[in-house]
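Listed below are the residues making up each chain.
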Amino acid sequence: MINFEEELKKFRPSTEADEAEKAVINNNSPDMTDLFYKMIEDVDLHIVKQRNS
Amino acid sequence: MKCNRCGAELLKSDFCPECHTDVSFYKRAAAASNTYYNKGLEQAGVRDLSGAIESLKMAVMLDKTNVSARNLLGLCYYEMGEVVEGLSHWVISSNYNSVGNPATEYIDEVQKKRTDFDEKAAAARKYNQVLENAQNENYDIALIQLKKIASHTPGFLKAQLMLALFYIEKKAYARAEKILRNVLKIDTGNAMAKRYLSEIKKSSKEAVQDQSAALPGFLKNDNPDSPDEDRKPLSGNDVIRPESGYKRTNGGLSSFLHILIGIGIGAALIFFLIVPARDRITAGRAEAQTQEMSAQLAETNDKLDSAQKQIEDLTKARDELQDQIDGGAASYNQILINAANEYLSGDDEQAAVTLAGIKNSGEALGDDAKDLYDTLVSNIGGISSDDVYSQAMEAFENSEVMRASTLFESAYAADNTNVNAVYYAARCYQSMQNTDKAKEYYQIILDDFPNSDYVDTAQDYIDSM
């Protein structure tokens, strides 16, 4: 049985022309490769800090 | 395949030949991205746009530089009516690779058909308003707006699905089904449309079952009390004759009664079923029309109020300007009269000084006043602003501050670039304790001569007030 109010909540707003810039920024988020290299950098940094301390 | 750091062509090795970055992970991610892209391509090929979008989003999440996946993702969004989302992906794609990229052609196409894009973007804006109205439980207004959006942009799937939901709520299943079938033509894998359609079928089946359960008993075949008839065994001479359902009536009276009963049932059906339903439909249409007209009326009233305010502002501005013009003209006319009186009384010199005050303000005089001005100037001869200024300084040095102030004013009126005249006029009024006039002339220095040497003095005087 369809509950009207519950179904209505599932509808999300559509992106407007004024928000095009924000849409470009959001859709160009880092991918898995970026995250992986970031993790490697963080690990390297952590190792260097440990060596220096 | 190119390195995602420096763009160099990658070889079999797990390290980039140019920047020596470890690209093993990137290669695996790019391979997985291509797998998802292929899946998305297959789904898009059979118009399963919802499924294609999910696969392509994964492809782009694994490798954001996969321009093919991004271009196809943009196409799927555009086809579903999400034009801004589609365009954003094409923009990102053309950023990563602008040479030979179909995304640049898509963007050019959108720019060429600007009106089409603007229409779809406007539909998105109106849809968001509808969503807001629906969340605030203004369902009737939301439905009216939604119908307009759906009729102008039938490719905007979100709006179509919401309209179908409204129709389901109002139990207008036929309309809802039509909309949902159109949605599924565009996006064959749309889960929401499929779910709503199955709900409609379920609700329709239940309605049919309820109707059959409500049938009167004489139409059902369940009479357990009928006596068993004795049957004789059949012989070879017996003729089997099918039983006829036709029964003779007893005569005219029972027929007449049956007819009367039939007419009564028919009248009752019309009175209790058809008439109220028709009234409900009519009332519903009238209410919808009333609400639409109320919305239009409110919009018109707002425009009217705005126009009224503009008229009031313009009238006020016009009156102020008129006063200025009248004031200006009146004051220049007064100067002209004073000059004429001085000339008639024989004081040519004073008349020339007075006339100098309106030397540069000819436009403010009417035709007759201008004729008089020209006559006086031709009889008296003009006097330059410098001469008036010299006379004013002489008077000032002789402490004739009142005469000096008038002459400095005339000198400034004759030559409005003479900052010295303004300054000394202010000094004269200051010494006469006429603070309003002094402040007026010091303010002229600050407003019109901000680079003069008198600015500090003027500012100090005004600050001290």
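What you are looking at is a predicted structure, and each value in this text was computed from that prediction instead of being measured.

1. A look at the interface of chain B and chain A
Counting from both sides, the interface comprises 42 residues of chain B and, opposite them, 27 residues of chain A. On the chain B side of the interface with chain A, the three residues burying the most area are Phe25(B), Val84(B) and Leu165(B), jointly 17% of the side's total. Where chain B packs against chain A, one counts two salt bridges. For Asp34(A), the salt bridge identified is with Lys64(B), shortest N-O distance 2.6 Å. Elements with a minimum of two residues in the side of chain B that touches chain A: α1 (24-45), α2 (49-62), α4 (83-96), α6 (114-135), α8 (157-169) and α10 (191-213) of chain B. Among the residues forming the side of chain B that touches chain A, the class breakdown is 25 nonpolar, five polar and twelve charged.

2. Structural notes on the packing of α6(B) against α8(B)
Residues and elements named next belong to chain B. Interaxial distance between α6 and α8 falls to 11 Å at its minimum, and their mutual angle equals 30°. On the basis of their axis angle, the class for α6 and α8 is roughly parallel. Viewed along their axes, α6 and α8 form a crossing whose handedness is left-handed. On α8, the residues touching Tyr127, Val130, Leu131 and Ala134 of α6 are Lys158, Ala159, Met162 and Phe166. Along the lines of polarity and charge, the residues of the contact of α6 with α8 split into seven nonpolar, no polar and one charged.

3. Here's the deal with the layout of surface pockets
All names here are of chain B. In this structure, the largest pocket occupies an estimated 750 Å³ of space. Forming the walls of the largest pocket are 19 residues, and the residues nearest its centre are Lys147, Lys170, Gly284, Arg285 and Ala288. At the level of secondary structure, the elements contributing two or more residues to the lining of the largest pocket comprise α7 (139-152) and α11 (252-344). Looking at the lining of the largest pocket, the element that brings in the most residues is α11, giving ten residues. For the lining of the largest pocket, the residue count by class is seven nonpolar, three polar and nine charged.

4. Description of the confidence of the model for chain B
Detailed reading of predicted coordinates is not advised where the pLDDT is low. Residues and elements named next belong to chain B. With 83% of its residues at a pLDDT of 70 or more, chain B shows a mean pLDDT of 83. Across residues 218-230, confidence stays below pLDDT 50; counting only partners more than four residues off in sequence or on other chains, it has two contacts. Both scores are available for the predicted complex, with the pTM at 0.51 and the ipTM at 0.83.

5. Structural notes on unusual backbone geometry
Residues and elements named next belong to chain B. With phi around 65°, glutamate 137 is a residue other than glycine that occupies positive phi space. Here glutamate 137 is to be found in the loop between α6 and α7. Unlike most non-glycine residues, glutamine 433 shows phi in positive territory, near 65°. With respect to the helices and strands, glutamine 433 occurs in the loop between α16 (419-431) and α17 (435-448).

6. Overview of the side chain of Ser88(B)
Residue placement: Ser88(B) occurs in helix α4. Ser88(B) sits in the buried class, given a relative accessible area of 2%.

7. Quick word on the nonpolar core
Counting residues in each nonpolar core, the largest one holds 51 residues, and the members touching the most others are Phe11(A) and Met162(B). Here this core gets ten residues from one element, more than from any other, and that element is α8(B). Aside from chain neighbours lying at most four places away, what touches Met162(B) is Leu8(A), Phe11(A), Tyr127(B), Val130(B), Leu131(B) and Leu146(B). Core analysis: the second largest hydrophobic core is formed by 32 residues, Val388(B), Leu407(B), Tyr424(B) and Ala425(B) among them.

8. Some words on the pattern of salt bridges
Tallying each qualifying case throughout the model produces 15 salt bridges over all chains. For Lys10(A), the salt bridge goes to Glu7(A), with nearest N and O atoms at 3.1 Å. The salt bridge involving Lys120(B) is made with Asp116(B); its shortest N-O contact spans 3.5 Å. Remark: Asp116(B) and Lys120(B) occur in helix α6; sequence separation between them is four residues, near one turn of the helix. Overall, the relative accessible area of 25% leaves Lys120(B) in the partly exposed class. Here the residues in one salt-bridge network are Glu7(A), Lys10(A) and Arg195(B), joined through shared partners.

Calculation rules
Residues numbered from 1 in each chain as written. Chains lettered and ligands numbered in written order. Predicted model: local features only at pLDDT ≥ 70, side-chain atom pairs only at ≥ 80, totals over all residues. Heavy atoms only, no water. Contact = heavy atoms within 4.5 Å. Buried area = accessible area lost by both parts, 1.4 Å probe. Salt bridge = Lys/Arg side-chain N within 4 Å of Asp/Glu carboxyl O. Helix = DSSP H or I, 4+ residues; strand = E, 2+ residues; numbered from the N terminus. Nonpolar A, V, L, I, M, F, W, Y, C, P; charged D, E, K, R; others polar. Axes fitted to C-alpha atoms, helices over the stretch in contact; angles between N-to-C directions. Parallel < 35°, antiparallel > 145°, perpendicular 65-115°, else oblique. Left-handed = near helix turned anticlockwise from the far one by under 90°. 1 Å grid on protein atoms, 1.4 Å probe; cavity = no way out; pocket = protein on both sides within 12 Å on 5 of 7 lines; lining within 4 Å. Points joined across faces, edges and corners; volume = space filled by probe spheres on them. pLDDT = per-residue confidence, 0-100. Buried < 20%, exposed > 50% of the residue type's maximum accessible area, 1.4 Å probe, protein only. Core = buried A, V, L, I, M, F, W, Y, C linked by side-chain atoms within 4.5 Å.

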